[in-house]
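# Coordinates in review
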Amino acid sequence: MALVKAGVVVLDCAEPEKLAEFYRELLEGERTHTSANLVEVRGADGVRLAFRRDVNATPPSWPRPENSLQAHLDFLVEDLDEAERRVVGLGGRPIETRDAAGPYEERGYSDPAGHSFTLRLLPPTAPKQG
């Protein structure tokens, strides 16, 4: 029997209720736990994130090198443009701009508290040959 039953990624922030709502909406999930200093959400696909109150939290500076040590989240999507509209509509912002000349496999964003994450295009699945 496994000793560890589940893992949860925890992000520190000044307002865990607001940040949890951003990710709950983005992941089309639900709140699973709320206390005075911690809010946890589970996305529709089962990913678990929690947000811990830290009144002294400062946003990471990524991609600038100062104060940039942090966790980084990746979310797999089928349509980058649609996912970007959703992120921006929920209060996130693009942080990696690229040449607009063609499609790209991933795009960088920050959530309303400044944590960075990437939307990455699901790799196409082709039928096996032979």
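Our structure's up above, just so we're on the same page.
In this text, all values refer to a predicted model and were calculated from it rather than measured experimentally.

### Comments concerning the overall build of the chain
Each helix and strand in the chain was counted, giving 2 helices and 8 strands. The helix and strand sequence of the chain, counted from the amino end, reads β-α-β-β-β-β-α-β-β-β. Here the chain holds 130 residues, and the buried ones make up 28% of them. The long-range share in the chain, meaning contacts at least 24 apart out of those at least 6 apart in sequence, stands at 54%. Of the roughly 8600 Å² of accessible surface on the chain, 52% is carried by carbon and sulfur atoms.

### Topic: the packing of aromatic side chains
Scanning the model with the defined rule gives 7 aromatic pairs in all. On the numbers, 5.4 Å between centres and 15 degrees between planes, the contact of Y23 with F51 is stacked. In this pair, Y23 is assigned in helix 1 (residues 16-26) and F51 in strand 4 (residues 48-53), connecting sequence segments 28 residues apart. Residue class for F51 comes out buried when judged on its relative accessible area of 0%.

### Section: the pattern of salt bridges
Enumeration according to the criterion identifies 11 salt bridges in this entry. One salt bridge connects R24 with E25, and the closest N-O pair in it is separated by 2.8 Å. Assessed through its relative accessible area of 22%, R24 is described here as partly exposed. What you see here is one network of salt bridges that share partners, running through E21, R24, E25 and R86.

### Concerning unusual backbone geometry
The residue E28 is not glycine, and still its phi comes out positive at about 50 degrees. Its place among the elements puts E28 in the loop between helix 1 and strand 2 (30-34). With relative accessibility at 56%, the residue E28 sits in the exposed group.

### Digging into helix 1
An α-helical turn contains 3.6 residues, so a residue and the one three or four places further along point in the same direction. Among all positions of helix 1, only P16, L19, A20, F22, Y23 and L26 are buried. One side of helix 1 carries all its buried residues, which in axial view fall inside an arc of 155 degrees. Where helix 1 is buried, its residues meet strand 1 (9-13), strand 3 (38-42), strand 4, strand 5 (73-77), helix 2 (80-89) and strand 8 (116-121). E28, located one to two residues past helix 1, shows a positive phi value of around 50 degrees.

### Section: the side chain of E40
Position of E40 relative to the elements: it lies in strand 3. The class of E40 is buried, set by a relative accessible area of 11%. Polar side-chain contacts of E40 include one of 2.8 Å to the side chain of R48. Apart from the residues within four sequence positions on either side, E40 is in contact with V8, E30, R31, T32, H33, R48, L49 and A50.

Calculation rules
Residues numbered from 1 in each chain as written. Predicted model: local features only at pLDDT ≥ 70, side-chain atom pairs only at ≥ 80, totals over all residues. Heavy atoms only, no water. Helix = DSSP H or I, 4+ residues; strand = E, 2+ residues; numbered from the N terminus. Buried < 20%, exposed > 50% of the residue type's maximum accessible area, 1.4 Å probe, protein only. Contact = heavy atoms within 4.5 Å. Areas by Shrake-Rupley, 256 points an atom, 1.4 Å probe, with all protein chains shown as cover. Phe/Tyr/Trp six-rings, centres within 6.5 Å; stacked < 30°, edge-to-face > 60°. Salt bridge = Lys/Arg side-chain N within 4 Å of Asp/Glu carboxyl O. Arc of directions from axis to C-beta. Polar contact = N/O pair within 3.5 Å; in protein donor to acceptor, adjacent residues only side chain to side chain.

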